[in-house]
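In case you want the letters, here they are:
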Amino acid sequence: MVLKNIYDVVVIGSGPGGLAAAVAAKKEGAEDVLVIERDMELGGILIQCIHNGFGVEIFKEDLPGPSYAQRFIKEVFSLGVEILLDTMVLDITPQRKIYASNKRLGFVEIEARSIVLAMGCRERSRPQIRIPGTRPVGVYTAGTAQRWVNVEGYMPGNRVVILGSGDIGMIMARRLTFEGAKVERVLEVMPYLTGLTRNYVQCLLDFDIQLQLRHTVKRVLGNNCVEAVEAVQVDEKWNPVPGSEEIIPCDTLLLSVGLIPENELSRKAGVKLDPITSGPYVDDNFQTNVPGIFAAGNVVHVYDLVDWVTEAGFQAGKCAAKYAIVTHRKESNYVPLIAGDNVRYIVPQKLDKRNLEENEIRLQMRVTQPIEQPVWIEVHDKENLVARKAERYVRPGEMVTVVLKQKNYKDVEKAENLTINIAPR
Amino acid sequence: MLEKYDFIIIGGGVVGSMIARWLSRYEASVLLIEKEADICMGASSANTAIVHAGYDPLPGSLKARMNIVGNPMWDQLSGELSFPFERRGDYVVAVGEEELPGLDTLMEQGKVNGVPGMKMLSKAEVLAREKNINPDVSGALWASTGGICDPFAVTIAAAENAVMNGVKVLLNTSFEDFIMEGTRIVGIKTNRGDFGCRWVINSAGMYSDEIMHKAGIRPEFVIKPRRGEYFVFDRADLTIDNVLFPVPSLKGKGILVTTTLHGNTIIGPNSVFGEEKEDRSTTHEGLEEIWQGAKNLVPCLNQKHIIAMFVGLRPYGNGPCKSPGIDYQHDYIIEIPTEVQGFVNLGGIESPGLTSSPAIAQEVVDLLKDAGEKLKEKKEWDPVRRARPRFRDMSHKERKLLIEKDPRYGRVICRCENVTEGEIAAEIHAPIPATTYDALKRRTWLGTGRCQGGFDMPRVVKIIADELGVSPLEVTKKGQGSNFLLRPTKQVGA
Ligand SMILES: Cc1cc2nc3c(=O)[nH]c(=O)nc-3n(C[C@H](O)[C@H](O)[C@H](O)COP(=O)(O)OP(=O)(O)OC[C@H]3O[C@@H](n4cnc5c(N)ncnc54)[C@H](O)[C@@H]3O)c2cc1C
Ligand SMILES: Cc1cc2nc3c(=O)[nH]c(=O)nc-3n(C[C@H](O)[C@H](O)[C@H](O)COP(=O)(O)OP(=O)(O)OC[C@H]3O[C@@H](n4cnc5c(N)ncnc54)[C@H](O)[C@@H]3O)c2cc1C
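Residues numbered from 1 in each chain as written. Chains lettered and ligands numbered in written order. Predicted model: local features only at pLDDT ≥ 70, side-chain atom pairs only at ≥ 80, totals over all residues. Heavy atoms only, no water.

1. Some remarks on the overall build of chain A
Let me state the cut-off plainly: Each helix is a run of H or I in the DSSP string that is no shorter than four residues. Each strand is a run of E no shorter than two, and both are numbered from the N terminus. The quantity called the radius of gyration is restricted to C-alpha atoms. Its globule counterpart is 2.2 Å times the number of residues to the power 0.38. Throughout, exposure labels follow a simple rule: accessible area from a 1.4 Å probe, protein chains only, divided by the maximum for the residue type, with under 20% read as buried, over 50% as exposed, and the rest as partly exposed. By definition in these notes, contact holds between two residues if any of their heavy atoms fall within 4.5 Å. Each accessible area value is a Shrake-Rupley result obtained with a 1.4 Å probe; residue values ignore everything except the protein chains displayed when judging cover. When charges are counted, Lys and Arg are positive and Asp and Glu negative, with His and the chain ends excluded. The atoms used to mark charge sites are NZ of Lys, CZ of Arg, CG of Asp and CD of Glu.
Looking only at helices and strands, one finds nine helices and 28 strands in chain A. Computed over C-alpha atoms, the radius of gyration of chain A comes to 30 Å, more than 25% over the 22 Å expected from 2.2 N^0.38 for 425 residues, which places it beyond the range of a compact globule. Oriented by its inertia axes, the alpha-carbon framework of chain A measures out at about 100 × 45 × 40 Å. Here chain A, with 425 residues, has 55% of them falling under the buried criterion. The long-range fraction of contacts in chain A, counting pairs at least 24 apart against all pairs at least 6 apart in sequence, stands at 62%. Counting every atom, chain A has about 18,500 Å² of accessible surface; 49% of that belongs to carbon and sulfur. In chain A, the 51 positive side-chain charges and the 54 negative ones have mean positions that sit 6 Å from each other.

In structure tokens:
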């Protein structure tokens, strides 16, 4: 694939938020739409969510994650969205320059008229909830374990304790049970379930997996691999209740303790984040504080249902396309001014044609070499002479001015660019 | 036939690796054995990474001498071995008037030890230099020669340079006993067989007491693990530009606030005796202690920004100071004992052991020469070890060029620290191959960012498996018994 230098809309991330944004942007009339995804496949987190429960709102169907994604992947391809896979976006500037890297194209710079951030979120890790103890192998976030089991095809362990009653944790409890592991316990520090009740019924109750509310992991044991965890009951203030400690032998501890919007790139682009959601402040078009940068999906706040992510993606993509189209239109009114023979530079470097309809435009420049005899200063559109002015001489120390008048509009209107040359008469 | 060496070094920490590098300069055969799956897995892997100025150790102690000799060696060393090192200087910060006299004591001690570039700063000066500091600060001692390094990078660079110059390194190889002829050491027994040698150098850190006892040396010397816990912070959320020590107490240098060379603020360590030499577990109480201690220096710390925690174990020994008239029982042991022949004995190398490591290596060479060992310099000795590319630190242009040469540098595997497949592969095939996840982590910093490996781990395991030509089931976090994966999932249709 040959990459263009500039795109109307660049979408970062190809989860349901990003795919919806790409589809909507195309439908809204954006010509060049590019999706950049660091994984090998499109679909984001949905690829590893092989359980069903997706699409109940939008499709009125109960689909597994990959099937839900597939509907949008098809559409993205049929609409002619360009795709860069296995490509990590490393940096975005407030001027919407994107730096990304992959094996085939190397380190690339792409300009975007508008951007949709759809990087999703990451999982909260062990140190963030301060579980003391040893640092053995076998402590994973539920999503990492999910990837291992559902995408790579390997089991991380046989006896599992899960901390957190979020949806991913409960879904993994069932998944690992299917694979022959014993899920010893699901512990939840809150006095209530933090995930969906339907998941509690379908994933825990149906498989006789014990949920203990108001419980947490006090420490991890085992040097090389997890050998056990010490569970403990907590009071209202999350303080351990003395005497309630219990050692649960296990080889794996999965953490399903929350998601955090992934906004490192957003920060680099100057996007302001809400300390409560950890996502960008957005308006009802999902535009951030940086004009032309939009955001949708889990990168904004953590959703529980994919359908709402898709909807947000549609809205962000549509508005990003509108923004890009307006920007593009502005750009196409611009005519670059090129310094030709004996011209060192011209200010302004480009002019907006529409301004010439009503106003004069003054062009100022400096010459490269002195010419001590009468000269022509000529403004050309390729072979066609648009305007010219006579001077008795030119010198690098003295600025030269040419004024384009309303009468020149007809010529300038047709021009792709204008060149100024200075030569002896 | 027994494989024979002139020197066998026990322990691949920073001290053993420096000694290996120093000995690689001479015409001698050298073997370094390390019981773990990688070098730098002991104290050298979990410490504060400070190259101390030298005002801390007791004047007259061997610790003080090694510190003072070691500190100025770091500039040349970092140049030759291409590891990052910054002489940032450090502060000892007094909070409240009552702590001010503590600074004077340190200043005095520093002068006696011969520390250059020390200065007392007023409250106003400190506040101007570090905006995040506790407003109740009353003054600080500034030492301009303090520095920070990346202890993994240092240890690995030194050991690699040794390997380049002919030293052999055997990992997963544990010393078990000496082979003696009378009172002369002629070899060692390990879990991987016996090796003959003329000299054994004991740089086994936490276990150096047990090793010297096997040679019948200093039966009264014991090492107790003294634990130090740490928190690491997300660098996007907080930057402390300075190294801030509290005024030291009887328990040691105290809980400080500093920044790694990678820009992450770290706080710690506390100082608590542990039961076991392998117990690297953090505790609720310990973490609370460092939290409170660090908050006293920098009140704006926020728990939300913590991304990692770890423990370091100090090999706290009871070695007596040899200088006459000084009653100090926790000095370094660096000696060639006379009771046996062929033994260089080190013990109790706790802080400032990292700082001192090049000086200790030089000291070992000097002791050997004094003992009559003819060390002849090799003509072909190459002191220079070049660093491998680090994508993260490169400009856009450099990145472009690098990927053109090797496309694998274009594939970013660790999203937080921007580590590429090319770097990972290069470390797997380096002079001391990194074959575990943690070995790669120490070398490249992958998985050390805010997601703590959540993203890269499955990908790195696959790369290790592919590069080594093994199944992912065989890939470990830190050596035998720490496999990530247990078995394949049920194969559908199989
Ligand atoms: C484990 C799990 C189970 C779930 N189960 C259900 C369910 O049963 N039913 C339901 O309705 N919802 C469920 N959800 C919620 C729903 O799936 C998510 O809300 C939704 O997938 C979020 O979509 P997204 O597009 O915002 O993010 P994601 O799907 O996470 O996509 C983000 C994409 O951005 C890419 N990316 C990030 N950074 C970069 C970068 N720098 N460069 C390039 N690419 C980048 C990532 O690789 C990823 O592909 C679940 C969520 C999770 C995590
Ligand atoms: C919390 C803490 C903070 C510190 N802060 C600083 C600081 O800021 N500045 C500073 O200068 N110093 C500091 N230090 C001290 C410094 O880290 C140590 O002095 C230094 O790392 C010691 O290096 P070493 O090689 O002697 O020990 P180690 O790094 O422990 O190396 C010993 C090696 O020997 C191996 N080994 C043991 N037994 C055997 C056997 N039987 N067979 C084979 N191999 C064996 C071990 O596996 C280990 O790899 C700190 C230490 C700690 C714990």
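2. Some remarks on a nonpolar patch on the surface
Spelled out, the test is: Patch definition: residues above 30% relative accessible area lacking any salt bridge, with like charges linked at up to 9 Å and the nonpolar side chains Val, Leu, Ile, Met, Phe, Trp and Tyr linked at up to 5 Å. When a carboxyl oxygen of Asp or Glu lies within 4 Å of a side-chain nitrogen of Lys or Arg, that pair is called a salt bridge.
Among the surface-exposed residues, Tyr345, Val347 and Met399 of chain A lie close enough to one another that they form a single nonpolar patch of about 250 Å² accessible area. Here Met399 of chain A is to be found in the loop between β26 (384-391) and β27 (400-404).

3. Quick word on the sheet that holds strand β16 (residues 228-233) of chain A
Residues and elements named next belong to chain A. We count it as follows: Strand pairing follows a simple DSSP-based rule, namely that at least 2 bridges must link the two strands. Inter-axis angles, ranging from 0 to 180 degrees, are taken between N-to-C directions of lines fitted to C-alpha atoms, where helices are fitted over the stretch in contact.
Taken in spatial order, the three strands make up an open sheet running β15-β16-β17, and their pairing is antiparallel. Edge positions in the open sheet fall to β15 (215-221) and β17 (246-249), since each of these has one partner strand only. With direction set aside, neighbouring strand axes in the sheet form an average angle of 30°. By the bridge criterion, six bridges tie β15 to β16 in an arrangement that is antiparallel. In the sheet register, Val217 faces β16, and the bridge partner there is Ala231.

4. With respect to the site of ligand 1
All names here are of chain A. So the rule is basically this: A molecule or strand has a residue near it when one of that residue's heavy atoms lies within 4 Å. N or O atoms closer than or at 3.5 Å make up a polar contact, with two conditions inside protein: a donor-capable atom paired with an acceptor-capable one, and, for residues adjacent in sequence, both atoms drawn from side chains.
Taken together, 32 residues lie around ligand 1, and Gly17, Glu37, Ile45, Asn298 and Val306 are the ones closest in. A distance of 3.0 Å separates a nitrogen atom of ligand 1 from a polar atom in the backbone of Gly53. One nitrogen or oxygen atom from the main chain of Ala118 is found 3.4 Å from an oxygen atom belonging to ligand 1. In isolation ligand 1 has 1,000 Å² of accessible area, and contact with the protein removes 95% of it.

5. Remarks on the interface of chain A and chain B
For the record, the criterion: Note on definitions: buried area is the accessible-area loss of two parts on being combined, 1.4 Å probe, summed for both. Residue polarity follows a fixed list, in which Ala, Val, Leu, Ile, Met, Phe, Trp, Tyr, Cys and Pro are nonpolar, Asp, Glu, Lys and Arg are charged, and the others, Gly among them, are polar.
Tallying the contact residues gives 50 residues for chain A and 58 residues for chain B. Area buried by chain A at its contact with chain B is led by Lys103, Phe107 and Arg130 of chain A, which between them contribute 17% of it. Across the chain A-chain B interface, the total number found is seven salt bridges. Of the charged contacts, one joins Glu288 of chain B and Arg130 of chain A as a salt bridge, the two residues approaching to 2.9 Å between their closest N and O atoms. Our count for the chain A to chain B interface comes out at 21 residue pairs in polar contact (both at pLDDT 80 or more). Of all the secondary structure elements, the ones that give two or more residues to the side of chain A that touches chain B are β6 (88-92), β7 (97-102), β8 (106-117), α3 (142-152), β11 (154-155) and α6 (264-268) of chain A. Here the side of chain A that touches chain B gets five residues from one element, more than from any other, and that element is α3 of chain A. The residue makeup of the side of chain A that touches chain B, split by class, is 20 nonpolar, 14 polar and 16 charged. Note: β11 of chain A against strand β23 (residues 487-488) of chain B, two bridges, orientation antiparallel. Of the residues in β23 of chain B, the one forming a bridge with Tyr154 of chain A is Pro488 of chain B.

6. Some remarks on the site of ligand 2
Residues and elements named next belong to chain B. Put simply, the test is: The split into domains, and so the bounds of each, comes from an automatic or database assignment of domains.
Around ligand 2 there are 38 residues in total, and Glu34, Ser44, Ile50, Ile349 and Thr355 lie nearest to it. Between ligand 2 and Val15, the relevant distance is 3.0 Å, taken from an oxygen atom to a main-chain nitrogen or oxygen of the residue. Contact between ligand 2 and Ile50: a nitrogen atom at 2.7 Å from a main-chain N or O atom of the residue. Those elements that place two or more of their residues in the shell around ligand 2 are α1 (14-23), β18 (306-316) and α9 (353-370). For the shell around ligand 2, the class distribution of residues is 16 nonpolar, 17 polar and five charged. The residue makeup of the shell around ligand 2 includes at least three contributed by each of domain 1 (3-45 + 152-223 + 318-370) and domain 2 (90-144 + 225-315).

7. Section: the environment of Ile168 of chain A
Residues and elements named next belong to chain A. Checked against the element boundaries, Ile168 lands in helix α4 (residues 167-178). Separated by 22 residues in the primary sequence, Ile168 and Gln146 have C-alpha atoms spaced 8.5 Å apart. Non-local contacts of Ile168, meaning those with residues more than four positions away in its chain, are made with Glu123, Ala142, Gly143, Gln146, Ser256 and Leu259.

8. With respect to helix α12 (residues 437-444) of chain B
At 3.6 residues per turn, the α-helix brings residues three or four places apart onto the same side. All names here are of chain B. Within α12, eight of the eight residues are buried, leaving the element largely enclosed by the surrounding structure. Where the residues of α12 are buried, they touch α6 (151-164), β22 (419-420), α11 (421-428) and α13 (457-468). Two residues or fewer past α12, Trp445 is found with a positive phi of approximately 70°.

9. Describing the state of the cysteines
Residue and element names in this part refer to chain A. Condition: Sulfur atoms of two cysteines make up a disulfide when they are within 2.5 Å.
If you walk through the whole model with that rule in mind, you get zero disulfides over all chains. The structure places no disulfide on Cys203, whose sulfur is separated from the nearest cysteine sulfur, that of Cys49, by 12 Å. By relative accessible area, Cys203 is classed as buried at 0%.

10. Examining the nonpolar core
The criterion, for reference: Among buried residues, the Ala, Val, Leu, Ile, Met, Phe, Trp, Tyr and Cys ones that are joined through side-chain atoms within 4.5 Å form a nonpolar core.
Residues Ile19, Leu23, Ile334, Leu346, Ile360 and Val364 of chain B are the most contacted members of the largest nonpolar core, which totals 51 residues. In this structure, Leu346 of chain B is in contact with Val15, Ile19, Asn202, Ser203, Ser208, Met212, Ile333, Ile334, Ile360 and Val364 of chain B, ignoring residues within four places of it in sequence.

11. Quick word on the domain arrangement of chain B
Residue and element names in this part refer to chain B. Domain boundaries assigned for chain B yield domain 1 (3-45 + 152-223 + 318-370), domain 2 (90-144 + 225-315) and domain 3 (391-485). One C-alpha centre belongs to domain 1, the other to domain 3, and the line joining them spans 31 Å. Each side of the interface is counted separately: domain 1 has 13 residues, and domain 3 has ten residues. Taken together, both faces of the contact between domain 1 and domain 3 bury some 1,000 Å²; the carbon and sulfur share is 68%. Looking only at domain 1, the three residues that lose the most surface to domain 3 are Asp38, Phe152 and Glu160, adding up to 43% of its buried area. Linking domain 1 to domain 3 there are two salt bridges. Linking Arg442 and Asp38 is a salt bridge whose minimum nitrogen-to-oxygen distance equals 2.9 Å. Taken together, the links from domain 1 to domain 3 amount to three residue pairs in polar contact (both at pLDDT 80 or more). Take the side of domain 1 that touches domain 3: its biggest share by element is five residues, from α6. Residues of the side of domain 1 that touches domain 3, tallied by class, amount to ten nonpolar, one polar and two charged.

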